[in-house]
Amino acid sequence: MGAGYIIKGEVIIINRELTELDRFVMDFLQVLKKHSDYLIVSGFVSISTGRTRGTEDVDILVPVMSKSQFTNLFAELRENGFWCYQSENPDEVYDYIKEMVSVRFARVKEMYPNIEFIPITPAKKAKYFEFTHPQKMRVHNFEFKVPPIEFEILYKELVLAGDKDLKDAKHLRTIFSDLIKKEKFKEYEAVVRMEL
Amino acid sequence: MKEIDYVELYARELKKNPALFRQQKMLIESQYNASRSLFRNMFQGEDYNQKAREYLRGIGLLK
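Residues numbered from 1 in each chain as written. Chains lettered and ligands numbered in written order. Predicted model: local features only at pLDDT ≥ 70, side-chain atom pairs only at ≥ 80, totals over all residues. Heavy atoms only, no water.

## So, the packing of helix H6 (residues 149-160) of chain A against helix H7 (residues 163-175) of chain A
All names here are of chain A. At a minimum axis separation of 9 Å, H6 and H7 run at an interaxial angle of 155 degrees. When the axis of H6 is compared with that of H7, the two are roughly antiparallel. The interaxial crossing formed by H6 with H7 has left-handed handedness. Residues Glu 152, Ile 153, Lys 156, Glu 157 and Leu 160 of H6 form the contact with H7, whose participating residues are Asp 165, Leu 166, Asp 168, Ala 169, Leu 172 and Arg 173. Taken together, the residues of the contact of H6 with H7 break down into five nonpolar, no polar and six charged. (Axes fitted to C-alpha atoms, helices over the stretch in contact; angles between N-to-C directions. Helix = DSSP H or I, 4+ residues; strand = E, 2+ residues; numbered from the N terminus. Parallel < 35°, antiparallel > 145°, perpendicular 65-115°, else oblique. Left-handed = near helix turned anticlockwise from the far one by under 90°. Contact = heavy atoms within 4.5 Å. Nonpolar A, V, L, I, M, F, W, Y, C, P; charged D, E, K, R; others polar.)

Shown next as structure tokens:
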């Protein structure tokens, strides 16, 4: 029967097949990674580890980049079949990024799921902390980065704290019960609380 | 059983039995395909993005 996941080195390997949602995120990251580092946060972390619920968006933290870098990324996303909710014009979309406002991308002729592209800088202390402390996760040949599991749990319990978030946290606490560490919760709690 | 207990029970079972991921895949892909089909029908034609933006403004997701 096997296990739901195994640990290999520093990577958590989830023992399942890829879904269409994974393929959507994988295609987006294939382009994004050429231009920037990233971190996937929130719902997708729980869903990719087996939480049985739908989602409309996949949240990805991306450090603010220069206008020319963003213009190149934007062009390549369009070439690869993505459209941006905010505008067809990268200059207009960059205005959002500059103001630290999220923008959204979906596949051409689709609305959902979408990628919520969340700009961050070191001034966003908690988000920058998780961004700089990634946990690698893999499903088949799809490897991606998420926050430390304890951080993700605390963020959902203390900051987001909606019904769906508390269930996501419960899921993570249960499925990773033999992986999560008490001392990590202590270490991360002060950082997470900066978001409150 | 409370829903949150169900979440815990499912996660506990999933940990031992990865075959349960197949059910999860079916649910996720069913939502994915339903959404794709719904919005393709709603915003038919060449101006999909424009119609989609009007809809997004209507629901407050876009200013």
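There's more to say after this.
## Some details on the interface of chain A and chain B
Contacts between chain A and chain B engage 44 residues on the former and 37 residues on the latter. Counting the surface lost from both chain A and chain B, the interface buries some 3700 Å², and carbon and sulfur atoms represent 59% of this. By the criterion of area lost to chain B, the three top residues of chain A are A:Glu20, A:Lys109 and A:Met111, representing 18% of everything that side buries. The salt bridge involving A:Glu88 is made with B:Arg53; its shortest N-O contact spans 2.7 Å. Taken together, chain A and chain B are joined by 20 residue pairs in polar contact (both at pLDDT 80 or more). (Buried area = accessible area lost by both parts, 1.4 Å probe. Salt bridge = Lys/Arg side-chain N within 4 Å of Asp/Glu carboxyl O. Polar contact = N/O pair within 3.5 Å; in protein donor to acceptor, adjacent residues only side chain to side chain.)

## Structural notes on helix H3 (residues 48-58) of chain B
Every buried residue belonging to H3(B) is among B:Tyr48, B:Asn49, B:Ala52, B:Arg53 and B:Leu56, and all of these are buried. The arc that holds every buried residue of H3(B), seen down its axis, measures 125 degrees, which confines them to one face. Along its buried surface, H3(B) packs onto strand S5 (82-84) of chain A together with helix H2 (21-42) of chain B. B:Gly60 occupies a position one or two residues after H3(B) and carries a positive phi of about 80 degrees. (Buried < 20%, exposed > 50% of the residue type's maximum accessible area, 1.4 Å probe, protein only. Arc of directions from axis to C-beta.)

## A few points about the nonpolar core
If you look at the biggest cluster of nonpolar residues, it comprises 62 residues, and the most contacted ones within it are A:Ile40, A:Ile60, A:Phe70, A:Phe105, A:Phe117, A:Phe144 and A:Phe176. It is helix H1 (residues 20-35) of chain A that provides the largest number of residues to this core, a total of eight residues. If we ignore the near neighbours within four places in the chain, the residues touching A:Phe117 are A:Phe28, A:Leu32, A:Ile60, A:Val62, A:Met65, A:Phe70, A:Leu73, A:Ile97, A:Ser102, A:Val103 and A:Phe105. Core analysis: the second largest hydrophobic core is formed by 11 residues, A:Met111, B:Phe39, B:Phe43 and B:Ala52 among them. (Core = buried A, V, L, I, M, F, W, Y, C linked by side-chain atoms within 4.5 Å.)

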